[in-house]
Amino acid sequence: MSDADDGDPRREEPAGTIADRLAAIHERIRRAGGTDVLVVGVAKGHPIGQVEAALAAGLTTVGESYVQELVGKYPSGWAAQGDAAVEMQFIGHLQTNKVRALAGRVDLVASVDRPALVAELARRLPGSRVLVQPNLTGEASKTGCRPEDLDGLVESCQDAGLVVDGLMTIGPASGEGRETRRVFAALRRSVDRLGLRHCSMGMSDDLEIAVGEGSTQVRIGTALFGPRPGVRPRPGRSG
Ligand SMILES: *Cc1c(COP(=O)(O)O)cnc(C)c1O
């Protein structure tokens, strides 16, 4: 954990080893009523050694948010090494001119939110698995397509030969319970309406609400790897 230690007393590591924390996350999912929920370990800001520790503890799926970090952190072919293949998800905002760099490095792009990105993915990563991301909070700073554009975007992906595994969304930054629940319930309804399979919602702070509303994949960074170096906890929200 020395990578995260710059002497800032506000930057507290969660207790225990990575294996303990992964077990605690599975326990939180279980208590929230989840039976078949995939944990995506969000490793942005953390070194590959911590990712490997999490994999050794049973994590199967890794999420990264920045192309440059992903390309620099993992040797090419990394995910295919070992007995069990690791699934790598790209979960961050994706610029079209960076798509090319992801070829052969990701198994799923979880943040498809506009037609230009669909076209570039079809060109550079043909047939890839994707999640389409609507912005359901109405917050201007967030990525994600407008809710009214969601069905059209899912259809464009399918027309372009991409495999739409489901939808992904980010809950409101306020973390306010009722609004978070509203957003996650809306994503679940869209997944069902569109006949899709996966519903990627829930992070370290809103995992329980997400699982309660039918999440099938939670994206967990802080609760698994600790605070991201250089990131101060926000009041009332540790992400
Ligand atoms: C960073 C990030 C996460 C993980 O957030 P934590 O609060 O650290 O669990 C999940 N999803 C996305 C899209 C992220 O960028």
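The structure this text deals with has already been given above.
Source: prediction; values computed, not measured.

A few words now on the nonpolar core. Counting 58 residues, the largest nonpolar core has Val 62, Trp 78, Leu 94, Leu 121 and Leu 224 as its most contacted members. A total of five residues in this core trace back to one element, the largest contributor, which is helix α6 (residues 177–193). Those residues in contact with Leu 94, other than ones at most four positions away along the chain, are Val 67, Val 99, Leu 102, Val 109, Arg 114, Leu 117 and Leu 121. Val 42, Ile 91, Ala 110 and Leu 131 belong to the second largest nonpolar core, which has six residues in total.

Relative to the helices and strands, Glu 64 resides in strand β2 (residues 61–64). A residue is classified by how much of its surface remains accessible, and Glu 64, at 0% relative accessible area, is buried. At 2.5 Å, the side chain of Glu 64 forms a polar contact with the side chain of Tyr 74. Residues in contact with Glu 64, not counting those within four places in the same chain, are Ala 43, Lys 44, Glu 69, Leu 70, Lys 73, Tyr 74, Met 88, Gln 89, Phe 90, Ile 91 and Gly 92.

A word on the site of the ligand. Within the structure, the ligand sits among 13 residues, and Lys 44, Ser 204, Gly 221, Thr 222 and Arg 228 are positioned closest to it. Thr 222 is positioned such that a nitrogen or oxygen atom in its side chain is 2.6 Å from an oxygen atom of the ligand. At 2.8 Å, a side-chain N or O of Arg 228 approaches an oxygen atom of the ligand. For the ligand, whose unbound accessible area comes to 400 Å², protein coverage reaches 91%. Broken down by class, the residue content of the shell around the ligand amounts to five nonpolar, five polar and three charged.

It is worth spelling out the pattern of salt bridges at this point. Tallied over the entire structure, the rule returns 16 salt bridges. The closest approach of N and O atoms between Lys 73 and Glu 69, which form a salt bridge, is 3.0 Å. Placement of both Lys 73 and Glu 69 in helix α3 (residues 67–73) is noted, with a separation of four residues, approximately one turn of the helix. Classification of Lys 73 by relative accessible area gives buried; the value is 14%. In this structure, Arg 188 engages Asp 192 in a salt bridge whose closest nitrogen and oxygen atoms are separated by 2.7 Å. Here the residue Arg 188 and the residue Asp 192 both occupy positions in helix α6, the gap between them amounting to four residues, near one helical turn. Among the charged side chains, a network of salt bridges with common partners joins Glu 27, Arg 30 and Arg 31.

Glancing now at the pairing of strand β4 (residues 108–112). On a regular strand, one side chain projects to one face of the sheet and the next to the other, so that they alternate. Across the five residues of β4, five count as buried, placing the element largely inside the fold. Where strand β3 (residues 87–90) lies against β4, two bridges are found, and the strand directions are parallel. Bridge pairing in β4 places Phe 90 opposite Val 109. In this sheet, strand β5 (residues 129–132) lies alongside β4 in parallel orientation, the contact comprising three bridges. If you follow Val 112 over to β5, its bridge partner there is Val 132.

Procedures and definitions
Residues numbered from 1 in each chain as written. Predicted model: local features only at pLDDT ≥ 70, side-chain atom pairs only at ≥ 80, totals over all residues. Heavy atoms only, no water. Core = buried A, V, L, I, M, F, W, Y, C linked by side-chain atoms within 4.5 Å. Buried < 20%, exposed > 50% of the residue type's maximum accessible area, 1.4 Å probe, protein only. Helix = DSSP H or I, 4+ residues; strand = E, 2+ residues; numbered from the N terminus. Contact = heavy atoms within 4.5 Å. Polar contact = N/O pair within 3.5 Å; in protein donor to acceptor, adjacent residues only side chain to side chain. Near = heavy atom within 4 Å. Areas by Shrake-Rupley, 256 points an atom, 1.4 Å probe, with all protein chains shown as cover. Nonpolar A, V, L, I, M, F, W, Y, C, P; charged D, E, K, R; others polar. Salt bridge = Lys/Arg side-chain N within 4 Å of Asp/Glu carboxyl O. Pairing = 2+ DSSP bridges.

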